[in-house]
Each structure stands twice: as C-alpha cells, then as structure tokens.
Amino acid sequence: MNINVYTESTPNPATMKFIVNKLLINGSVDYATKESAEKSPFAKELYKFSFVNGVFFASNFVTVTKTEGSDWNDVEPILKEFVKGAVESELKVQLEEQEEVNFEGTDAEVKIQQILQDYVRPAVEQDGGAITYKSFNEGVVTVELRGSCSGCPSSTVTLKAGIENLLKRMVPEVTEVVSEAV
C-alpha cells in the first residue's frame, strides 16, 4: 500500500495534524511527555526529535505538538517524511491493545459518556484532539481534553459553548462542564 501523508493545521498553533491513508489505532492515545511514550515505539521515535513536545494518536492521524521557538515551516517536512516512513514500516503506535469502551455509572453518567463518545469525540478528533470523561458530580461534568485541545486557546469556547450546551440540552441533570488540567 502506498502511504500518503498530508497535514492540517489545528486551532492550537503549537500542534499540527499528520493524516495518513491507513488506520493507525482504534480509539485514541495521548503521549503528552517523552516518559509516557515508553510503550509506543512510534511516539518514542517522534520524541527523538528535539522539537517534539507532545504526541497524540487517533484513528488515521498523529497530532504533534512542537516546542516553543520551533517553526512549522522548518519541522513539518521532516515530520511528514518520518510519519510516512513509520507507517510504511508498520511502527507500532502502542505495544498493548486498548480495551473496549464500557460506560459505567448512573443512567445520567452513562448517557453523558455515550453523548461524548458519539457526538463530541468525532468533532474534537477533527481538530486533532480527544476528550475523555472523568466524572459527574452534583451537576458538574468533568472531562479531560488531550492532543491539540490541551492548552488550545479556543478549547474553552468549545467546552462552554459547544459541549456544555449540548449536554445541558440532552441531559437535564447537567449544570456545567469543566476541563481537568492534564
């Protein structure tokens, strides 16, 4: 199979999405630090570049966060070539497979998790990020934003105007949505 790689900018200027014409992973996985990448041969190799400051995988793309002071014009072609070679040589995204998604908790918690999975996750992935449900307590839903969404200037707007409004409409028990820092 001939691997094609193209890039998309994300709402976060420090991240770039590298999209390939092959499924890399079912679900998503975030390697926000070099140390966390030990179980990912692919991420471990990306962190060998001095300008890589974060790595996130979902379906058919990898989102790379660059270090401050690095210029996308300089590093994008290098990363594009690396990603192409890594996918062609079938470098593993993770050594162990992720478990299936199982929703747990009260009826409201299960409904919240299902909405996040079905409606919010695909939209957030389009921007090179991921959302993870953390908890629901006294009307407040806590989520974790990863990938390009972590530290993105527009993620607060997405969280409040988009996700919070959606959950309030679909689950009357929800009063607020907050993001837990990664």
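Below is a summary of the structure that appears in this document. (Residues numbered from 1 in each chain as written. Predicted model: local features only at pLDDT ≥ 70, side-chain atom pairs only at ≥ 80, totals over all residues. Heavy atoms only, no water.)

Another aspect to go through is the sheet that holds strand E3 (residues 28–31). Across the sheet, which stays open at both edges, the five strands sit in the order E1-E2-E5-E4-E3 with antiparallel pairing between neighbours. Each edge of the open sheet carries a strand with a single partner, namely strand E1 (5–9) and E3. Going from strand to strand, the sheet's axes swing by 20° on average, the running direction of each strand aside. Both strand E2 (residues 15–20) and strand E5 (residues 61–66) contribute to a ladder of five bridges, which runs antiparallel. Bridging across to E5, Met16 finds its partner in Val64. (Pairing = 2+ DSSP bridges. Helix = DSSP H or I, 4+ residues; strand = E, 2+ residues; numbered from the N terminus. Axes fitted to C-alpha atoms, helices over the stretch in contact; angles between N-to-C directions.)

It is worth spelling out the environment of Glu176 at this point. Mapped onto the secondary structure, Glu176 falls in strand E8 (residues 176–180). Owing to a relative accessible area of 31%, Glu176 belongs among the partly exposed residues under this scheme. Each C-alpha atom of the pair Glu176 and Lys160 lies 8.2 Å from the other, and the pair is 16 residues apart in sequence. If we ignore the near neighbours within four places in the chain, the residues touching Glu176 are Gly139, Val140, Val141, Lys160, Glu164 and Lys168. (Buried < 20%, exposed > 50% of the residue type's maximum accessible area, 1.4 Å probe, protein only. Contact = heavy atoms within 4.5 Å.)

This next bit is on the packing of aromatic side chains. One pass over the structure, following the stated rule, counts six aromatic pairs. A ring pair is formed by Phe42 and Phe57, whose centres lie 5.0 Å apart and whose planes are at 65°; its orientation type is edge-to-face. You can see Phe42 sitting in helix H1 (residues 41–46) and its partner Phe57 sitting in strand E4 (residues 52–58), a full 15 residues away along the chain. Each member of the pair, Phe42 together with Phe57, is buried. Ring geometry for Phe49 and Phe82: centres 5.5 Å apart, planes at 80°, overall edge-to-face. Taken together, the positions of Phe49 in the loop between H1 and E4 and Phe82 in helix H2 (residues 72–88) put the pair 33 residues apart, joining distant regions of the chain. With a relative accessible area of 22%, Phe49 lands in the partly exposed category. Relative accessible area serves as the criterion here: at 19%, Phe82 is assigned to the buried category. Linked through ring pairs, Tyr31, Phe42, Phe49, Phe51, Phe57 and Phe82 together constitute an aromatic cluster. (Phe/Tyr/Trp six-rings, centres within 6.5 Å; stacked < 30°, edge-to-face > 60°.)

All right, on to the environment of Lys168 then. Tracing the chain through its elements places Lys168 in helix H4 (residues 155–170). The contacts of Lys168, once residues within four sequence positions are left out, are Val174, Thr175 and Glu176.

A separate point is the pairing of E1. Where E1 meets E2, five bridges bridge the pair, whose relative direction is antiparallel. Note that in E2 the partner of Thr7 across the bridge is Phe18. Joining the antiparallel neighbours E1 and E2 is a turn of five residues.

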